[in-house]
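Single-letter residue listing:
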Amino acid sequence: LKNSRELRALILLIIVVVAAAIKSPRLLEAASINSILLWIPLLIVMAVGQMLVIVSRGIDVSIGSTLALSGLTVGFLFRANPQMSLVLGSAIGLGMGILAGFINGALIGWAKIPPIIATLGTLSAYRGLAFIIARGGQVYRNDVPNDLTQWSIQGPLKLGAVTVPWLLVIALVVIALAYLFTARMVTGRYIFAVGSNAEAAHMHGLHVSRLIVLTYTICGALAGLGGVLYLSRFGFLNPSSAGSGMELTVIAATVIGGCDVRGGSGSVAGVLIGCTLLGAINVALSVVGIASDWQLLVYGAVILVALGMDGLLTRRATA
Amino acid sequence: MRKLLTTPEAITVVLLIIAFFVGIVESKYFLDPFYLLDQTAMNAEAGMLVLGMTLVIVCGEIDLSVASNLALSGCIVAKLIAAGLPAPVAILAGIVIGATLGGFNGLLVAYANLPSFLVSLGTWALYRGIAQALMGAESTMLPKSYSGIDAKFIPGTGIPIPLGILLILAAAIGLLLHRSVFGRWIFAIGSNDQAARYSAVPYQGVKLLVFIISGALAGGGGALMDSRLGVARYDLAQGMELTVITATVLGGASIYGGRGTIAGSVLALMLMVIISSGLGLANVPADYQLAIIGTILIVAVGLNAISKRFAAR
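Residues numbered from 1 in each chain as written. Chains lettered and ligands numbered in written order. Predicted model: local features only at pLDDT ≥ 70, side-chain atom pairs only at ≥ 80, totals over all residues. Heavy atoms only, no water.

1. Remarks on the overall build of chain B
Going by this rule: Elements are defined by DSSP. Helices are runs of H or I of four residues or more, strands are runs of E of two residues or more, and each kind is numbered from the N terminus. For the radius of gyration, the atoms used are the C-alpha atoms, and the globule rule reads 2.2 Å times the number of residues raised to 0.38. Exposure categories follow from relative accessible area, calculated using a 1.4 Å probe and restricted to protein chains: below 20% of the type maximum is buried, above 50% is exposed, and the middle band is partly exposed. By the convention used here, residues are in contact when the closest approach between their heavy atoms is within 4.5 Å. As used throughout, the charge tally considers Lys and Arg to be positive and Asp and Glu to be negative, leaving His and the chain termini uncounted. All charge positions are set by atom: Lys at NZ, Arg at CZ, Asp at CG, Glu at CD.
Regarding its fold elements, chain B presents 14 helices and 2 strands. Relative to the 2.2 N^0.38 estimate, which gives 20 Å for 313 residues, the radius of gyration of chain B is 19 Å and therefore close to what a compact globule would have. Dimensions along the principal axes, computed over C-alpha positions, put chain B at roughly 65 × 55 × 35 Å. Across the 313 residues in chain B, those meeting the buried criterion constitute 55%. Taking contacts inside chain B between residues at least 6 apart in sequence as the whole, the part at least 24 apart equals 77%. For chain B, the centre of its 17 positive side-chain charges and the centre of its 14 negative side-chain charges are spaced 11 Å apart.

Written as structure tokens, this is what we have:
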């Protein structure tokens, strides 16, 4: 069944690509592929964290605010010390995310506040904090070091006119680590156990609360890293718009990729397919010449179609 | 007494009283009844969504699409009025459209057995997406005859009409949830879906109707917001779903279903309005208000969890 969910996402992806390519062959040209490759890394990084949370039967809607808070902090630090190394900057972004995610995890795992409530609260709180730090300002183009912007322009691999940007490399490293964590490490498997049946996992001697705190901390860390990637890709960061509403796109990508919001199932491969599908749709719409006004409508329709296919699949499996 | 103090609403009321006194101390304008009525009337649409959300959450479901529903209904009402339809017909059409959009969620949740979080996440994007495709970046102005309902008062009182509408609806939905068989069914389904099913509660129909009512309130809210703002755009009420869910949960409704009251939800929305307007008067920038409301939500729910643990001892 798990495989069929990923298969479903893959089928949707192929349908979208083929349909759009027939309508306008420009989708397969280098420029379009480049924009897809640039569009998906941020989504992948955020979605991998969300996947872990969803597998543990939680939800984290605060990630867009965490992105803004971390990106803003890193951006302001770069403004103050333009010579700061990119590695240090990324580490600080990651650290901010870890802190934000740990607070979410503590509220959910230890204080037993329902995930949707706790992260709705921190969604407001973190975004408010970002505003307070920004003091009416934002991160401007001049604040972002050139080398950081190059991450989304340059890449280690060039196939003709198609460039694989460093941003995507980072996202693929995250994917690889997440795969090792969920498929090969005991702790990763425990998260699936917690999500399938928390009570049974507890009886089995697992530290359920601690595992929950861990998943939210990882999710926060990746959202923090997302803040740095956002700076690289857009070259500026506005505390009110950065990452706002992104939580729903990210959740959509994970769900389309086969994660079950009822916990216990989801895969890294599915997340990768889900993110690529949304990226392909995004670029296909503009290539086919449909106004960007229609993007939200198509996202909604895709989520519902994926859900519908899901419903049919489970019905057949239980019948 | 002890029982009263551990009800979820008690914490909201206590916070409301504290916020009220802080407001009085911080600003001499705060006690002006016109100011308070005006601020509350400005949030009448959110109030209408809160009424529907309470039904949905008590039923054990969630509806993320209400604000998108409001925006789409509001845009269609504005288009209809601009096309020359008489206002009452257009308002009725808005309510019917809202009910239909809500009913679509309800069908998928009750009859296709899909989780409401995902269904309404999909329609959250779909409904606002349709509104955006319909309107583009344009805004539709409403004629003078239709706009400005918030500046009109119920004759003989100082109560603005939107607030009056909200109070009447709150009384009606309150009676429905707390004094009718239908309301008992909602609680039964929210407390224990399976037990309700075995007790011959028509759970699919009840769930569908709950989503339809919530949608109808959103549709009516769209028509109201059109009149209050005098203009309709696809991004009406953007992000309002979070305010509405926050208020409902702050008012003591359990996100797992089976618990919640209309009075608690409305009081909690009042609390949020008083905090944000009080902070505004005290010259606290809007940025801080967001952080404060988020913190209050966590603290209130945390206190609830703690008080429940003590009560269970």
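Having seen it, we continue.
2. Digging into the overall build of chain A
For the record, the criterion: Accessible surface area values rest on a Shrake-Rupley calculation with a 1.4 Å probe, where residue burial reflects the displayed protein chains alone.
Of the regular secondary structure elements, chain A holds 13 helices and 2 strands. By the compact-globule yardstick of 20 Å for 319 residues, chain A fits well, its C-alpha radius of gyration being 19 Å. Its C-alpha atoms give chain A principal-axis dimensions of about 55 × 50 × 35 Å. Across chain A, the fraction of contacts at a sequence separation of at least 24, relative to all contacts at a separation of at least 6, is 77%. Put simply, chain A shows about 13100 Å² of open surface, and 66% of that area lies on carbon and sulfur atoms. Seen as two clouds, the 19 positive and the 10 negative side-chain charges of chain A have centres 3 Å apart.

3. With respect to the interface of chain A and chain B
Selection rule: Put simply, buried area is how much 1.4 Å-probe accessible surface two parts lose in total, over both of them, once they are put together. Salt bridge criterion: a side-chain nitrogen from Lys or Arg within 4 Å of a carboxyl oxygen from Asp or Glu. Polar contacts, as used here, are pairs of N or O atoms within 3.5 Å; protein pairs need one atom able to donate a hydrogen and one able to accept it. Residues neighboring in sequence count only if both atoms are side-chain atoms. Only Asp, Glu, Lys and Arg are considered charged in this grouping, and only Ala, Val, Leu, Ile, Met, Phe, Trp, Tyr, Cys and Pro are considered nonpolar; every other residue, Gly among them, is considered polar.
Opposite the 39 residues of chain A that make contact, chain B presents 40 residues. Across the chain A to chain B interface the summed buried area is about 3200 Å²; carbon plus sulfur atoms make up 82%. The interface formed by chain A and chain B contains 0 salt bridges. At the junction of chain A and chain B, the tally comes to 0 residue pairs in polar contact (both at pLDDT 80 or more). Elements with a contribution of two residues or more to the side of chain A that touches chain B: α4 (86-110), α5 (115-134), α11 (246-256) and α13 (295-318) of chain A. In terms of residue count, the dominant contributor to the side of chain A that touches chain B is α5 of chain A (15 residues). Looking at the side of chain A that touches chain B, its residues break down into 28 nonpolar, 6 polar and 5 charged.

4. A closer look at helix α8 (residues 186-196) of chain A
Residues and elements named next belong to chain A. The following threshold applies: Directions from the helix axis toward the C-beta atoms define the arc.
Looking at α8, one finds that the buried residues are G188, I191, F192, V194 and G195. Relative to the axis of α8, the buried residues are bounded by an arc of 160 degrees and lie together on one face. Its buried side turned inward, α8 meets α2 (30-55), α7 (166-184), α9 (198-203) and α10 (208-234).

5. Focus: α11 of chain A
Residue and element names in this part refer to chain A. Burial runs high along α11: 10 of the 11 residues are buried. Those residues of α11 that sit buried are M246, E247, L248, V250, I251, A252, A253, T254, V255 and I256. Directly after α11, the chain includes G258, whose backbone phi takes a positive value near 100 degrees.

6. As for the packing of helix α3 (residues 33-41) of chain B against helix α13 (residues 262-281) of chain B
Residue and element names in this part refer to chain B. The line we're drawing: A fitted line through C-alpha atoms serves as each axis, taken over the contacting stretch for helices, and the angle formed by two N-to-C directions is quoted from 0 to 180°. Angular relationships are summarised with four words: roughly parallel below 35 degrees, roughly antiparallel beyond 145, roughly perpendicular across 65 to 115, and oblique for the angles in between. It is the rotation of the near helix from the far one that decides the hand of a crossing: anticlockwise by less than a right angle makes it left-handed, clockwise makes it right-handed.
Contact geometry for α3 and α13: axes closest at 10 Å, N-to-C directions at 120 degrees. Looking at the two axes, α3 sits oblique to α13. You can see that α3 and α13 cross each other, and the crossing is right-handed. Taking contact as the criterion, the partners of Y35, Q39 and T40 in α3 are, on α13, M270, V273, S277 and L281. Taken together, the residues of the contact of α3 with α13 sort by class into 4 nonpolar, 3 polar and no charged.

7. Things to note about the environment of D193 of chain B
All names here are of chain B. Its place among the elements puts D193 in helix α10 (residues 193-198). In this structure D193 comes out as partly exposed when scored by relative accessible area, which is 22%. Sequence separation between D193 and A216 is 23 residues, and the spatial gap between their C-alpha atoms is 24 Å. Those residues in contact with D193 that lie beyond four places of it in its chain are A188, Y203 and K207.

8. A word on unusual backbone geometry
Of all residues except glycine, most have a negative phi; of all peptide bonds, most are trans. All names here are of chain A. Even without being glycine, K112 reaches a positive phi, approximately 60 degrees. Inspection of the secondary structure puts K112 in the loop between α4 and α5. If you check the backbone angles, R135 has positive phi at about 50 degrees while not being a glycine. Its location among the elements puts R135 in the loop between α5 and α6 (146-150). Owing to a relative accessible area of 79%, R135 belongs among the exposed residues under this scheme.

9. A closer look at the packing of aromatic side chains
Residues and elements named next belong to chain A. This is how it is decided: Centre distance within 6.5 Å is the pairing criterion for rings of Phe, Tyr and Trp, where only the six-membered ring of Trp is used; planes under 30 degrees apart are then read as stacked, over 60 as edge-to-face, and the remainder as tilted. Working rule: Lys NZ or Arg CZ, within 6 Å of ring centre, within 35 degrees of ring normal, means a charge sits over the ring.
For the structure shown, the criterion picks out 2 aromatic pairs over all chains. Ring geometry for F102 against W110: centres 6.0 Å apart, planes inclined by 75 degrees, an arrangement best described as edge-to-face. When its relative accessible area of 37% is taken as the criterion, F102 is described as partly exposed. Between Y230 and F234, the ring centres sit 4.5 Å apart and the planes meet at 40 degrees, which makes this aromatic pair tilted. Taken as a pair, Y230 and F234 lie in helix α10 at a separation of 4 residues, close to a single helical turn. Accessibility expressed as a relative area gives 27% for F234, which makes it partly exposed. Over the ring of F192 we find R189, and its NZ or CZ is 4.5 Å from the ring centre.

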